[in-house]
Amino acid sequence: MEGLKKDVIRHVVSSLGSDYASKSAYNYYNALALAVRDRLIDNWIKTQRSYYDEKAKRVYYLSLEYLPGKSLMNNLHCLGIYETARKAMSDLGFSLEDLAEQEWDAGLGNGGLGRLASCFLDSMATLGIPGYGYGIRYDYGIFHQVIEDGKQVEQADNWMRVGNPWAYERGQHLFPVRFFGEVKNWTDEYGRLRHTWTAGDTVLAMPCDMLVPGWDNHHVINMRLWSARSDVEFDLDFFNTGNYLGAVEEKIFDEKISKVLYPSDQIEEGRELRLKQQYFFVTATIQDILRRFRKKHQDMTELPQSVAIQLNDTHPAIAIAELMRILLDEDLLDWEVAWDICVSTFAYTNHTILPEALETWPVSLLERMLPRHMQIIYEINARFLREVERVARSEDCGQLCHRDLDHLKQRVSLIQERPIKSVRMAHLAIIGSHSVNGVAALHTELLKARVFDDFQRLYPQKINNKTNGVTPRRWLWSANQPLSRLIASHIGTGFVRNLDELTQLEPLAADPAFREAWRAAKLENKQRLQAYIKRKLMRELHTEHLFDVHIKRIHEYKRQVLNLLHVVTAYNRLRHGQAADFTPRTVFFGGKAAPSYFMAKRIIHAINAVAATVNADSRVNDKLQVVYLPNYCVSQAERVIPATELSEQISTAGMEASGTGNMKFALNGALTIGTWDGATIEMAQAIGPELLFIFGMREDELVSLRQHGYNPMLYYHGDEELREALDMLRSDAFSPGQHGLFAPLVDNLLHGGDRFFVLADYRQYLGAQQDVGRLYLDQEEWTRRSILNAARMGFFSSDRAISQYAREIWDVAPMAGLQNG
Ligand code: 26W
């Protein structure tokens with residue numbers, strides 16, 4: 001402890017240039033972070049060296065998004081110095097919790113996809129898998145959300161301003177990135193046509209490394225994020241031509257590339273700068289991968305034995321064309337050889353089946369920005385369609401007439417003709433990869449049977465499932481110390497690296513003393529949340545209420561509106577005195593809406609409007625409260641999830657690819673109210689469906705309802721309570737003086753087709769909520785189920801997920817000889 005204290009004081013003075021006697025929490029947080037980083041860097045260097053020494057096969061996880069959140073507490077726990085640090089900082093006059101608050105969340109992602117990437121890095125580090133995360137260091141991460149007059153207002157997330165003590169910027173290792181220009185043809189010595197991409201604009205990619213430690217194992221992996229740097233200052237001509245200001249303007253223009261994260265998920269924006277970001281990130285990463293590979297290899301055909309590249313959705317899919325370009329134009333390999341290398345190296349994970357989220361890029365844009373890549377994509381497509389024709393003709397699938405074949409080719413082509421001629425990035429990713437995986441069993445089945453059914457017939461081995469998981473380090477141990485300590489006192493700490501050990505809790509569910517202790521841990525977390533809400537929102541929570549929580553991105557398919565209709569109905573019953581047996585509850589909502597997503601923003605407004613009305617109504621507010629948690633982010637989830645008793649997972653069946661929040665809640669002892677969707681299905685199967693509150697129509701039922709003609713008006717007319725709730729929303733009951741404010745929401749349900757079947761599931765949802773309320777009154781039974789839920793969550797560790805990727809997709813093994821403890 002004395003050593004750590006000395007290091008902290010030294011960093012306050014010599015790294016931060018401050019007086020150690022001036023007790024600034026900001027300085028002491030930064031100094032502590034630097035002292036922790038010092039303890040990671042040796043192991044990082046040793047880890048990296050061991051990969052070379054053992055010629056280990058490396059995994060590269062390519063993701064445009066990461067959501068690491070805050071690093072301090074997690075890193076202290078991984079290093080096993082949490083207690084030491086707590087005591088050291090207390091000696092210096094600080095509470096460790098307060099210091100941790102000084103850190104800004106690294107919010108370099110939108111939601112599930114980015115957080116999954118961060119859980120996966122944690123698991124690779126813990127399992128000792130030679131892995132790297134590659135991404136972009138956005139100057140501005142996901143916007144900061146404030147709620148003003150009930151509406152979302154976006155503020156820039158200037159997270160870099162306060163500095164980042166965890167990162168190593170490596171300004172001396174720059175990689176060139178080119179755009180535009182033209183392709184020249186030439187003939188090589190064997191008379192083969194060759195291509196060279198020349199000229200164009202150049203920007204530089206600067207690596208910025210963040211260290212990711214494993215749990216108690218001395219294994220530290222790297223998350224390398226690229227930042228755009230202008231090449232203007234490297235080219236003195238720019239300045240010497242006398243156009244100094246012009247040169248500086250150009251520099252600013254270039255550095256725009258890594259300026260900001262695109263804040264929408266599930267909706268494709270199709271902006272030129274976004275494509276630039278993708279290629280910038282991809283080419284820098286591939287260059288770095290090949291630089292490392294070439295240190296020990298000359299023969300490029302050995303690449304797939306040494307390197308596995310996982311594409312996190314299609315956002316980095318242009319990497320397939322980029323590796324082809326390098327192999328063809330720089331290494332001068334033949335097409336077939338280059339293509340084999342590519343397919344054996346790449347694998348692709350799909351995270352959504354919503355059609356509006358499937359990426360396409362206009363051919364005209366690609367031709368201009370990446371002319372050589374567009375040529376390569378055309379060539380990949382031509383060869384692929386010939387192959388399709390060959391397979392289709394050879395296949396014994398009846399008389400395949402030309403019409404069918406033409407249709408098949410149109411459907412699977414990399415090029416879509418309408419509405420504008422574009423490249424389908426998912427098709428590129430599928431064709432260029434040896435593995436295509438979905439993220440939960442149902443999701444993968446839907447990929448096979450619906451979204452990519454043609455590809456499933458063409459390549460029956462390619463599509464596979466890897467159900468998501470979450471890291472128990474952050475989402476149980478670090479976020480929920482009260483519960484973790486209780487668990488550890490009964491079964492030891494092995495569950496932190498082997499989550500299956502939680503099954504040892506099962507017999508304890510029958511032990512009243514253990515149940516009481518389990519409830520005490522929950523109460524402690526609820527009180528902690530209560531204190532936080534009081535500080536941040538100046539509101540008093542009732543900890544004896546059932547804490548019912550719906551936090552995730554705001555999206556119509558996630559159906560926050562369904563939850564809101566339940567709240568309005570509960571409000572009406574209480575007002576009308578029809579709810580004598582109502583179980584008091586506080587309903588929490590939280591989540592960001594894409595700034596361009598009108599409907600999602602209106603949903604936020606409606607939630608806040610209902611909250612204002614309900615909370616102000618003294619007839620009901622001792623029994624029902626609604627809280628909107630502004631700026632939902634990773635660190636907020638770490639506070640809220642441990643305090644949650646009811647987890648809302650109510651997406652339209654078939655639409656949530658997996659969900660990962662669902663796992664974090666159950667792991668922390670919340671019961672789930674949910675639809676038969678995503679990974680919630682597998683959770684129900686692992687836990688026992690009778691221990692969750694499952695309701696609503698299933699995916700196949702919705703398909704047939706849609707086919708037979710779904711009429712939301714029938715539900716409106718047939719259900720008095722539903723009608724009352726919708727009519728209130730449409731009138732100004734929640735928006736005094738602003739008649740029609742929420743009419744777009746209601747009209748969308750009644751006259752817009754209710755694409756997400758909110759009305760169809762309303763009545764069943766109410767029934768399930770009734771069951772919830774009733775069970776909560778029986779605290780012994782509630783607690784028993786809570787314990788069994790957590791005890792059976794072992795499968796949903798990201799360690800299990802990563803082990804499957806490693807074995808079944810990447811063919812990589814953990815490093816031997818890792819020191820544990
Ligand atoms: C092109 C715009 C865009 C950006 C991001 C479209 C789609 C995305 C992501 C693929 C959306 C996303 O985050 N998907 C979520 O991925 C999680 C991790 O697999 C799943 O748990 C969620 O169910 C899924 O919605």
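See the structure shown above.
Description of the structure in this document. Note that the coordinates shown come from a computational prediction; the quantities given were computed from them, not determined experimentally. (Residues numbered from 1 in each chain as written. Predicted model: local features only at pLDDT ≥ 70, side-chain atom pairs only at ≥ 80, totals over all residues. Heavy atoms only, no water.)

**Regarding the overall build of the protein**
Each helix and strand counted, the protein has 33 helices and 25 strands in total. With the C-alpha coordinates aligned to their principal axes, the bounding extent of the protein is approximately 90 × 75 × 60 Å. Looking at the protein as a whole, 61% of its 821 residues qualify as buried. Counted over contacts in the protein with a minimum sequence separation of 6, partners at least 24 positions apart contribute 77%. Surface summary for the protein: the accessible area is close to 31,100 Å², and the carbon and sulfur share equals 50%. With 93 positive and 104 negative side-chain charges, the protein shows a spacing of 2 Å between the two charge centroids. (Helix = DSSP H or I, 4+ residues; strand = E, 2+ residues; numbered from the N terminus. Buried < 20%, exposed > 50% of the residue type's maximum accessible area, 1.4 Å probe, protein only. Contact = heavy atoms within 4.5 Å. Areas by Shrake-Rupley, 256 points an atom, 1.4 Å probe, with all protein chains shown as cover. Lys, Arg positive; Asp, Glu negative; His and termini not counted. Charge placed at Lys NZ, Arg CZ, Asp CG, Glu CD.)

**Here's the deal with empty space enclosed by the protein**
Counted under the stated rule, the structure contains five cavities of 30 Å³ or more. In this structure, the largest cavity occupies an estimated 260 Å³ of space. As for the largest cavity, its lining consists of 18 residues, and the residues nearest its centre are Pro68, Ser71, Asn74, Val212 and Arg474. Listed by contribution, the elements that provide at least two residues to the lining of the largest cavity are helix H2 (25-53), helix H3 (72-79), helix H6 (112-127) and strand S11 (201-213). Per-class residue counts for the lining of the largest cavity are nine nonpolar, five polar and four charged. One number sums up the size of the second largest cavity: a volume of about 140 Å³. Lining the second largest cavity are 16 residues; nearest its centre among them are Tyr29, Glu103, Trp104, Gly163 and Asn164. In terms of residue count, H2 provides more of the lining of the second largest cavity than any other element does, three residues in total. Grouping the constituent residues of the lining of the second largest cavity by class yields nine nonpolar, six polar and one charged. (1 Å grid on protein atoms, 1.4 Å probe; cavity = no way out; pocket = protein on both sides within 12 Å on 5 of 7 lines; lining within 4 Å. Points joined across faces, edges and corners; volume = space filled by probe spheres on them. Nonpolar A, V, L, I, M, F, W, Y, C, P; charged D, E, K, R; others polar.)

**Focus on the site of the ligand**
With respect to spatial proximity, 21 residues lie near the ligand, and among them His351, Asn468, Glu656, Ser658 and Gly659 are the closest. In the model, an oxygen atom of the ligand is placed 3.2 Å from a nitrogen or oxygen of the tyrosine 557 side chain. Backbone polar atom of serine 658 to an oxygen atom of the ligand: 3.0 Å apart, as the coordinates give it. A total of 580 Å² of accessible area belongs to the ligand in isolation, and the protein chains cover 96% of it. (Near = heavy atom within 4 Å. Polar contact = N/O pair within 3.5 Å; in protein donor to acceptor, adjacent residues only side chain to side chain.)

**Examining helix H26 (residues 678-687)**
Most of H26 sits inside the fold, with eight of its ten residues counted as buried. All buried positions along H26 are accounted for by Gly678, Ala679, Thr680, Ile681, Glu682, Met683, Ala684 and Ile687.

**Description of the pairing of strand S6 (residues 151-155)**
The pairing of strand S5 (residues 144-148) with S6 spans five bridges and is antiparallel. What sits directly across from histidine 144, in S6, is glutamine 155. Counting the residues in the hairpin turn of S5 and S6 gives two residues, including aspartate 149, whose phi is positive at 50°. (Pairing = 2+ DSSP bridges.)

**Things to note about the layout of surface pockets**
Approximately 690 Å³ is the volume attributed to the second largest pocket. If you go around the second largest pocket, you meet 29 residues; those closest to its centre are Met73, Glu97, Ser478, Arg528 and Arg639. If you list the elements that add at least two residues to the lining of the second largest pocket, you get H3, helix H4 (82-91), helix H5 (96-100), helix H19 (472-478), helix H20 (481-491), helix H21 (512-537) and helix H24 (634-640). Top contributing element to the lining of the second largest pocket by residue count: H21, with six residues.

**Regarding the packing of helix H1 (residues 2-15) against H4**
The relative placement of two packed helices comes down to the angle between their axes together with the axis-to-axis distance. Two numbers describe how H1 lies on H4: the axes approach to 9 Å, and their chain directions differ by 55°. In terms of their interaxial angle, H1 and H4 are classed as oblique. The crossing of H1 and H4 is right-handed. For the pair H1 and H4, contact is made by Leu4, Lys5 and Val8 and by Thr84, Ala85, Ala88, Met89 and Asp91, respectively. (Axes fitted to C-alpha atoms, helices over the stretch in contact; angles between N-to-C directions. Parallel < 35°, antiparallel > 145°, perpendicular 65-115°, else oblique. Left-handed = near helix turned anticlockwise from the far one by under 90°.)

**Re the packing of aromatic side chains**
Any pair of aromatic rings gets described here by the distance separating the centres and the angle formed by the planes. Taken as a whole and judged by the stated rule, the model has 26 aromatic pairs. With centroids separated by 6.3 Å and ring planes inclined at 85°, the aromatic side chains of phenylalanine 452 and phenylalanine 455 adopt a geometry described as edge-to-face. Given a relative accessible area of 2%, phenylalanine 452 falls into the buried group. Grouping aromatic residues by their ring pairs yields a cluster made of Tyr51, Tyr60, Tyr132, Tyr134, Phe175 and Trp226. Here the basic side chain of arginine 292 rests over the ring of tyrosine 132, its NZ or CZ set 4.3 Å away from the ring centre. Across from the ring centre of phenylalanine 143, 5.6 Å away, lies the NZ or CZ of lysine 592, which sits over that ring. (Phe/Tyr/Trp six-rings, centres within 6.5 Å; stacked < 30°, edge-to-face > 60°. Lys NZ or Arg CZ within 6 Å of the ring centre and 35° of its normal.)

**Examining the pairing of strand S4 (residues 131-136)**
Sheet faces and side chains relate simply in a regular strand, where the side chains alternate between the two faces. Within S4, six of the six residues are buried, which leaves it mostly tucked inside the rest of the structure. Alternating positions in S4 separate into two faces, Gly131, Gly133 and Gly135 on one and Tyr132, Tyr134 and Ile136 on the other, with burial throughout. Across four bridges, the pairing between strand S1 (residues 58-62) and S4 is parallel. Of the residues in S4, the one forming a bridge with valine 59 is glycine 131. Where S4 lies against strand S12 (residues 220-230), five bridges are found, and the strand directions are parallel. The partner of tyrosine 134 across the bridge, within S12, is arginine 224.

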